[in-house]
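The residues making up each chain are set out below.
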2 protein chains.
Amino acid sequence: MGKLTVVGIGPGDYENMTVRADRVLGECQVIVGYHVYVDLVRERYPDKEFLTTPMTKEADRCRMALEEARKGKDVAMVCSGDSGVYGMAGLVYQLRGEAAEPEIAVVPGLTAACSGAALLGAPLTHDFAVISLSDRLTPWEKIEKRLAAAAEADLSIVLYNPASRGRPDYLQRACDILLRTLPEDRPCGAVRSIGREGESRTVLSLGELRDFEADMFCTVFIGSSQTRVIGGALVTPRGYRDV
Amino acid sequence: MGKLTVVGIGPGDYENMTVRADRVLGECQVIVGYHVYVDLVRERYPDKEFLTTPMTKEADRCRMALEEARKGKDVAMVCSGDSGVYGMAGLVYQLRGEAAEPEIAVVPGLTAACSGAALLGAPLTHDFAVISLSDRLTPWEKIEKRLAAAAEADLSIVLYNPASRGRPDYLQRACDILLRTLPEDRPCGAVRSIGREGESRTVLSLGELRDFEADMFCTVFIGSSQTRVIGGALVTPRGYRDV
C-alpha cells in the first residue's frame, strides 16, 4: 500500500514552495492534480507519472489518487496555495472515510491570504476572516451572512474566488453588503496572479473595489477599522503602544 | 542603503520554510528577531550577525532592523509562522512611515492556521476566522465580539495565543462565549509545538476544549456546523455533491 500526500504548492513559483513540498514531490512516483497546477510543477519533476482531471471533477481526482496509492504507489496530489484552505485535503479524507489505509498526509503551503498580503504590505497583522465568494458549493445567503458578520465584527476580510466568467458581478454584490456597515473610504487591496507571470497589486478604497474588475486569478483584501495606507502599503497595525 | 526583508520562517523547522525564506536568510548580512526565533535559524546560517530583543520590545526590534538597513546592510527580520499574521511586517511599515527607504519586502511563511490544520486533517477547507485571544494589544470586549460573530456566522475558527502564564483561563472564557451559540459536541482540535520537539495534536469536542490546558505554544481550532471527525482527522467538507 502506498501513501497519499496532499501537497500545497503555494502560489505557483518554486521559490514560494516549502522545502518539504519540494522534497515530497521529488520522492513520490505519481503526481495527481488539476491540469493547471500539474503544469506548474511538471518541469521540475520530469520523471514522474502525471495524472490530471478537469476543474469540476474534484472527487474523481481524489478517487484516482487514492486508487493509485492502493496499487502501491506513493502519490502526491498537488493543490495551489495551501492544500487545506479550499484545497483537496478535506475531500481526500472524506473519500477514504473510516478506512485506515492508504495513509494520508497533508503538506501545507502558502495560501493566497498570506502570499497576497505580503505583496500588499501587511493587511492581516490582526484578526481576519477568509471567505470564498464562489456559490458553486455554498448557498449565496450563507456567504452574505458571513460577509455581514465579518464586517460587523471589524475583522479584516480576505475574499477568495471574487469573480469568474459565470459570476462577473459577485465582488460588486459582496461590496454592496459590506458597504452597509463599512465606509466607502475603507482601505482595501487586490492582488492578481501571485508569484506568476503578470503578477499585480492594487491598493484602493472599498468604494473603488466595488467597481474593480476582478477575475478568478484575484484575491481581495478589505481592511478593518484600523487598516491604513502607509507609504503605498496596506497595513493593519496590531496596536503596539510605543510606535 | 540596505534592504529590510521581514521573513516568515513558518513553524520553526527547516522543512516547513519556503525556498525563498531560506534564500533570503542565506543572502542577508544581519538577522534580527526575538531570541527564540533567532535560535531556530542560528545553526543553519552561522556566518551572520545576529541581533535580538526581548519579547515585549517589538518596536525596538523593528527600529534596530531599520537602522541596520540604513547603515547599508541587508537585514532579515525573522518571525515565526507568517511575517504578516500577528508578525512584525505591519510594525516595520508603521515605523518607516512615509519614507521611501529603506526598501521593505515581506516574505510570507506558513502560519499556524495552515500548519496546524494540516496536522489535524483538514479543518479549514471552508471559510474561517483567525482570532488572537491575547488582550495585550486588543480590548477583551473586542475579542469577545469577534468570537460571537464568527460563531454566529458558522465560520470555522482558529484561535492564536489561546493562553499564557498570565492568562491561564482565556481559552475557557472564549469557549464559554462560543458555547452560547455552538453545541458542546462541536468537533474541535488543538495542536502544540508544530514542527518542533514535542509536537502534538488533539481532536476533542468544544465541551472538552473548555477544560483543555492550553499554553502559549498551542493553536486551537473550532469546527463549523459542517466539521466532522473522519478516521481520526478533523475535516470541514467543502460541500462537493458527488461524494
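Structure: above.
Worth saying up front: this structure is predicted, and the values here are computed from it rather than measured. All residue numbers here refer to positions counted from 1 along the written sequence of the relevant chain. Chains carry letters and ligands carry numbers; both start at the beginning, A for chains and 1 for ligands, and go up in the order they are written. Given that the model is predicted, a residue must reach a pLDDT of at least 70 before its local features are reported, and side-chain atom pairs must reach 80 or more before they are shown or counted; all residues, however, enter totals for whole chains, interfaces and linings. Only heavy atoms go into the side-chain values, all of them from the structure, while hydrogens and water stay out.

**Q** So what about the sheet that holds strand E12 (residues 228-230) of chain A? Which residues, and what values?
**A** Residue and element names in this part refer to chain A. Pairing between strands is defined by DSSP: at least two bridges between them are needed. Labels follow the DSSP assignment, with helices taken as runs of H or I lasting at least four residues and strands as runs of E lasting at least two, numbered in each case from the N terminus. One open sheet holds the 3 strands; their spatial order is E6-E13-E12, and the pairing between them is mixed. Two strands lie at the open edges of the sheet, namely strand E6 (121-122) and E12, each paired on one side alone. Pairing of E12 with strand E13 (residues 233-235), which is carried by 3 bridges, proceeds in the antiparallel orientation. Within E13, the position partnered with Ile230 by the bridge is Ala233.

**Q** Explain the interface of chain A and chain B to me, using residue names and the numbers behind them.
**A** Opposite the 72 residues of chain A that make contact, chain B presents 73 residues. Accessible area, probed at 1.4 Å, shrinks when two parts are joined; the buried area is that loss added up over both. Across the chain A to chain B interface the summed buried area is about 6600 Å²; carbon plus sulfur atoms make up 56%. Salt bridges are identified by distance alone: a Lys or Arg side-chain nitrogen within 4 Å of an Asp or Glu carboxyl oxygen. Counting every contact that joins chain A to chain B gives 9 salt bridges. Across the pair Arg146(A) and Asp154(B) runs a salt bridge, and its minimum N-O distance is 3.8 Å. Polar contact is the term for a pair of N or O atoms within 3.5 Å; when the atoms are in protein, one must be able to donate a hydrogen and the other to accept it, and sequence-neighboring residues count only if both atoms are side-chain atoms. The interface formed by chain A and chain B holds 31 residue pairs in polar contact (both at pLDDT 80 or more) in total. No other element matches helix H4 (residues 89-96) of chain A, which puts 7 residues into the side of chain A that touches chain B. When checking whether two residues touch, look at their non-hydrogen atoms; a contact exists if any pair is within 4.5 Å.

**Q** Which residues make up the pairing of strand E4 (residues 75-79) of chain A, and what are the values?
**A** Residue and element names in this part refer to chain A. Exposure categories follow from relative accessible area, calculated using a 1.4 Å probe and restricted to protein chains: below 20% of the type maximum is buried, above 50% is exposed, and the middle band is partly exposed. Along E4, 5 of the 5 residues are buried, which leaves the element largely enclosed by surrounding structure. Burial along E4 is two-sided: the face carrying Val75, Met77 and Cys79 and the face carrying Ala76 and Val78 are both buried. Bridge count for strand E1 (residues 3-8) against E4 is 5 bridges, and the pairing is parallel. Considered in E4, the bridge of Val7 is made with Val78. As paired strands, strand E2 (residues 30-34) and E4 are joined by 3 bridges and run parallel to one another. Across the sheet, Val32 pairs through a bridge with Met77, a residue of E4.

Such coordinate-based values are descriptive only and should not be taken to indicate function.
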